[in-house]
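Residues per chain, in single letters:
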Amino acid sequence: MVIFNKINPVSEWVANQKKEGKSIGFVPTMGALHQGHLALVEQAGRENDLVVCSIFVNPIQFNNKEDLKKYPRTIESDLQKLDGAGCDVVFNPGTEEMYPAGHQSKTYDFGRLDKVMEGRFRPGHFNGVATVVKKLFDIVQPHRAYFGQKDFQQLQIVRSLVRKEKLDIQVIGCPTIREAGGLALSSRNTRLTESQRREASRIYQALEKAREMYPEFPVDQIKQQIIEVIDASTELELEYAEIVHPDTLLPVTRAGRNTSAVACVAAHAGKVRLIDNMYLNS
Ligand code: AMP
C-alpha cells in the first residue's frame, strides 16, 4: 500500500495507472476507520482494479468546534486496517495542503437538498462537504466513488454535485453496516458511554418499526412512533425525525406501496450527535 501526503504525487500516480487501463475506485473518509468504512473499501476492490482511500478530517464541514477537536484520530491503526482490506493507495493530506492560505471556498446551492434535516441543523456543513469532495475528486479523478447510505443526505448531495459539475464519476451508495444491536457504526460511537451505546440502538429499533408500519399506517403515525421510541430513552434527545422522498427530500405525506420513502433521524446522546436512516419500502 502506498501512502501520499501531497496532492501532485497522488494525482500523478493515479493518472499513470489510468493510462495503463486500470480502473480506480475511491473511498473518501475522515479516518477513525471501522467496518463501515472497510466495507466501502472492499466493495471498491471488487468493482475496480485499484482502490484509493483518503483520510482527511475536513475542518470546514464541522459547524461545532468541539466536535472537530474531539473527532477521533487513529492514523496508525487506520493504515493497518486499510492494508488488510486491500486498499492500494492512501491519501492523507494535512490541512494546509487541502486549504492553502488565501484559499476561497465556493458557495454551492443544492436547492432543497442542503436546506432540510442535516442542512437545517448544521449550517454550512454540506458546503464544507461539497468543497472537500470536489477537491478530492479533482485530485484523484476516480472512475467510481463509494459513499455510505449511513450519511444518506450527504450521498444525495454528492450525486447532485457530480451532476451539477458534470463530473465523469459514478457515485455508488453502499449499505449501512451496524453493530449486533442495530446501532449504525460511526467513528463518533467511541465517545459513547456503555449506557449511551446501549440506548442508542433504540434509533435502529424505531426505524425498523417504521419500516414494518409502512405503508399500512399513516405517515404521521409512523413518525410519531419514531419520536416516542427515542423520547422514551433518558440517554437520547431527538433532534429531528423526518420521512422524506429519497430524491427530493420532500416530506412524504401519504404512505403508499409505490411511494418511495426514507425515514431519517438525528439524536444526541450526551455530547455525541448520531444520525441514521432507513428505506421504508424495501
Ligand atoms: P466519515 O469518515 O464518517 O466521513 O465516513 C466516510 C464514508 O464512510 C462515508 O461515505 C460514510 O457514509 C461511510 N460510512 C460511515 N459509517 C458507515 C456505516 N456504518 N456503514 C456504511 N458506510 C459508512
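Everything numeric here is computed off the predicted structure, so don't read it as measured data.

**Student:** Hey, could you go over the sheet that holds strand β4 (residues 89-91) for me, with residue numbers and the actual values?
**Tutor:** With parallel pairing, 6 strands are arranged side by side in an open sheet as β1-β4-β3-β2-β5-β6. For this open sheet the edge positions go to β1 (2-4) and β6 (170-174), each flanked by a neighbour on one side alone. Each strand axis lies, on average, 25° off the axis of its neighbour in the sheet, ignoring direction. Strand direction decides the pairing type here: strand β2 (residues 24-29) and strand β3 (residues 50-55), joined by 6 bridges, are parallel. Bridging across to β3, Gly25 finds its partner in Val51. In the packing of helix α4 (residues 75-84) onto the sheet, contacts are made with β1, β3 and β4, and the angle to β3 comes to roughly 165°. The strands that helix α8 (residues 152-164) touches are β5 (144-148) and β6; relative to β6, the one it contacts most, it runs at about 170°.

**Student:** Tell me about the pairing of strand β8 (residues 262-269), and name the residues and values.
**Tutor:** Regular strands place their side chains on alternate faces of the sheet. The buried count for β8 comes to 7 of 8 residues, which makes it a mostly enclosed element. Here strand β7 (residues 236-244) runs beside β8; their pairing, made up of 8 bridges, is antiparallel. By the bridge assignment for β8, Val244 is matched with Val262. Two strands pair when backbone bridges link them, and β8 and strand β9 (residues 272-279) are joined in this way by 8 bridges, in the antiparallel orientation. Residue Val265 lies in a different strand from β9, and its bridge partner there is Asp276.

**Student:** A description of the sheet that holds β9 should follow, citing residues and the corresponding values.
**Tutor:** As summarised here, the arrangement of the 3 strands in space is β7-β8-β9, forming an open sheet in which the pairing is antiparallel. Unpaired on one side and paired on the other, β7 and β9 mark the two borders of the sheet. The mean angle between the axes of side-by-side strands here comes to 15°, regardless of whether they run parallel or antiparallel. Along the sheet, helix α9 (residues 194-213) contacts β7, β8 and β9; its crossing angle with β9, the most-contacted strand, is approximately 25°. Packing against the sheet, helix α10 (residues 219-231) makes contact with β7 and β8, and its axis sits at approximately 160° to β7.

Basis of the calculations
- Within any chain, residue numbers begin from 1 and follow the written order of that chain's sequence.
- Local features in a predicted model are, by the rule used here, given only for residues with pLDDT of at least 70; side-chain atom pairs are given and counted only at 80 or more, and totals for whole chains, interfaces and linings are based on all residues.
- Computation of side-chain values covers all heavy atoms of the structure but excludes hydrogens and water.
- Any two strands with at least two DSSP-identified bridges between them are counted as paired.
- Helix numbers and strand numbers start at the N terminus; a helix is a DSSP run of H or I with at least 4 residues, a strand a run of E with at least 2.
- Angles here are taken between N-to-C directions and fall from 0 to 180 degrees, while the axes themselves are lines fitted to C-alpha atoms, restricted in helices to the stretch in contact.
- By definition, residues are in contact when any of their heavy atoms lie within 4.5 Å.
- Accessible area is worked out with a 1.4 Å probe on protein chains only. A residue is then buried under 20% of its type maximum, exposed over 50%, and partly exposed in between.

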